[in-house]
Amino acid sequence: MLDLKGKTVFITGGAEGIGYHIGHRLAQEGMNIMLSDIDPLVLDRAVKTLQQEGFKAEGVQCDVSIREDLESAAQKTIAVFGKVHMLINNAGVSVTGPQNRIRENDWRWVLDVNLMGVVYGTQVFVPLMQSHGEGGWLINVASMAGILGVSYGGPYCATKAAVVSLSEGWLTELAPSGIKVSVLCPAFVKSRIYDSMRNRQERYGGPIHFDDIVKKNPKLAVLKEPVVTGIDTEIVGHRVLEALSNEDFYIFTHPEMREIMDTRFSNMTQGFNQADASLVLDKPTPES
Ligand SMILES: NC(=O)c1ccc[n+]([C@@H]2O[C@H](COP(=O)([O-])OP(=O)(O)OC[C@H]3O[C@@H](n4cnc5c(N)ncnc54)[C@H](O)[C@@H]3O)[C@@H](O)[C@H]2O)c1
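Keep in mind it's a predicted model, so treat the numbers as computed, not measured.

Chemist: I keep staring at the pairing of strand β6 (residues 179–185) and nothing clicks. Help me out?
Modeler: Two faces make up the sheet, and in a regular strand the side chains alternate between them. β6 sits mainly inside the fold: 6 of its 7 residues count as buried. In the sheet, strand β5 (residues 136–141) pairs with β6 via 6 bridges, with the strands oriented parallel. Paired with Gly 136 across the two strands is Ile 179, which belongs to β6. Crossover handedness for the path β5 to helix α5 (residues 154–174) to β6: right-handed. Where β6 lies against strand β7 (residues 250–252), 3 bridges are found, and the strand directions are parallel. The partner of Val 183 across the bridge, within β7, is Tyr 250.

Structural data, given as structure tokens:
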């Protein structure tokens, strides 16, 4: 039986949205919650809310695109709670646009947060989980956009596909240490992801608010719609706990999206059929 009581989870991008609500659900299981986020004000509010509800929670400001931030956040986690047993690599941002219009700086931003943030988080926290020998959990937050690419979503889809792939590799790599790996792949969830640029660091161009983007280009207002009509973040928290109990690797939250996965599989099957029919490839000779 899954027993999380008294264990500690570190969550990146945990001040609001999906990360916060997974943390809230884990707090109900008796976990110590260390929320981290780039936004200190929202983080402070989130930590206070959890504490007022009687949960053991602390916070640390941390930009996942900076390895040193994760290192000092890990030190604080150990100083406060002694050990860490679970890492949720949740922080993520999105940029949308035609492939020839997305600025290199925005590519760098999304790569550094969504991909390198996961790499840094894992490199910093897995040794801490291995050091106490009690095992642990690593949950990477990818997306259905990591299962099948979406037009105009290049950097987001590429990084989420990379997170799925990393998770698949780490599943077997970390099993001998007793660290269970899962990858969460939601479709639309009601959050402020459409307003990701509110947190864009100066070195990538600085923050811009979604409302200001829409003022300049009203057509982009449609980007908000599928997110704000998505499922509630609380449901994702419940679903993650259910999947942890079942020791699931893939954590899906939108079963109606199975078609997306089937599309990828059938495209691949078609590609293999074409390879079978190829005139230039050597074919294994049938055994007599
Ligand atoms: N909302 C959706 O529809 C959806 C769908 C699939 C996957 N996801 C993924 O879920 C995760 C959480 O997103 P969300 O929907 O809750 O969005 P959100 O914008 O509500 O929350 C993201 C959090 O990450 C923080 N953050 C941003 N940049 C950061 C950085 N450099 N370092 C640390 N923290 C940073 C933000 O301050 C915010 O608190 C992301 O990885 C996102 O890609 C979201």
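After that view of the structure, there is still more to cover.
Chemist: What exactly am I supposed to notice about the site of the ligand here?
Modeler: Taken together, 29 residues are adjacent to the ligand, and Asp 37, Asn 90, Tyr 156, Val 189 and Ser 191 come closest. Interatomic distance of 2.8 Å between a backbone N/O atom of Ile 18 and an oxygen atom of the ligand. Note that an oxygen atom of the ligand is positioned 2.7 Å from one of the backbone N or O atoms of Asn 90. Counting residues per element, the ones that place at least two in the shell around the ligand are α1 (17–28) and α5. Looking at the shell around the ligand, its residues break down into 15 nonpolar, 8 polar and 6 charged.

Chemist: How do you make sense of the sheet that holds strand β4 (residues 86–89) when you look at a structure like this?
Modeler: The strands making up a sheet associate through backbone hydrogen bonding, with each pair oriented either parallel or antiparallel. Spatially, 7 strands are ordered β3-β2-β1-β4-β5-β6-β7 in an open sheet, and the strand pairing comes out parallel. Only two strands of the sheet have a single partner each, and these edge strands are β3 (57–61) and β7. Each strand axis lies, on average, 20° off the axis of its neighbour in the sheet, ignoring direction.

Chemist: I tried to follow the packing of helix α3 (residues 67–81) against helix α4 (residues 104–132) on my own but got confused; where do I start?
Modeler: Two quantities define a packed helix pair, namely the angle between the axes and the distance from one axis to the other. For the pair α3 and α4, the least separation of the axes is 9 Å and the interaxial angle reads 35°. Classified by chirality, the crossing of α4 by α3 is right-handed. Touching Arg 67, Leu 70, Glu 71, Ala 74, Thr 77 and Ile 78 of α3 are Gly 117, Tyr 120, Gly 121, Gln 123, Val 124, Phe 125 and Leu 128, all from α4. Classifying every residue of the contact of α3 with α4 gives 7 nonpolar, 4 polar and 2 charged.

Chemist: For this particular structure, what's the right way to read the side chain of Thr 233?
Modeler: Looking at where Thr 233 falls in the secondary structure, it is placed in helix α8 (residues 233–245). By relative accessible area, Thr 233 is classed as buried at 6%. A polar side-chain atom of Thr 233 sits 3.0 Å from a polar atom in the side chain of His 21. Discounting residues that sit within four places of it in the chain, Thr 233 has contacts with Gly 17, Ile 18, His 21, Val 189 and Lys 190.

Chemist: How should the pattern of salt bridges be read in this particular structure?
Modeler: Side chains bearing opposite charge may pair, as long as their charged atoms lie close to each other. On inspection of all chains with the given rule, the structure shows 14 salt bridges. Residue Asp 44 pairs with Lys 48 through a salt bridge whose shortest N-O separation is 2.8 Å. Linking Asp 44 with Lys 48, this pair stays in helix α2 (residues 40–52), spanning 4 residues, or about one helical turn. Asp 44 sits in the partly exposed class, given a relative accessible area of 37%. For Lys 48, a relative accessible area of 42% translates into the label partly exposed. The partner of Asp 106 in a salt bridge is Arg 200, with the nearest N and O atoms 2.8 Å apart. Of this pair, Asp 106 sits in helix α4 while Arg 200 sits in the loop between β6 and α6 (210–216), and the two are 94 residues apart along the sequence.

Reading the values: the criteria
Residues numbered from 1 in each chain as written. Predicted model: local features only at pLDDT ≥ 70, side-chain atom pairs only at ≥ 80, totals over all residues. Heavy atoms only, no water. Buried < 20%, exposed > 50% of the residue type's maximum accessible area, 1.4 Å probe, protein only. Helix = DSSP H or I, 4+ residues; strand = E, 2+ residues; numbered from the N terminus. Pairing = 2+ DSSP bridges. Right-handed = clockwise from strand over helix to strand, strands pointing away. Near = heavy atom within 4 Å. Polar contact = N/O pair within 3.5 Å; in protein donor to acceptor, adjacent residues only side chain to side chain. Nonpolar A, V, L, I, M, F, W, Y, C, P; charged D, E, K, R; others polar. Axes fitted to C-alpha atoms, helices over the stretch in contact; angles between N-to-C directions. Left-handed = near helix turned anticlockwise from the far one by under 90°. Contact = heavy atoms within 4.5 Å. Salt bridge = Lys/Arg side-chain N within 4 Å of Asp/Glu carboxyl O.

The values reported here are purely geometric and, on their own, carry no functional implication.
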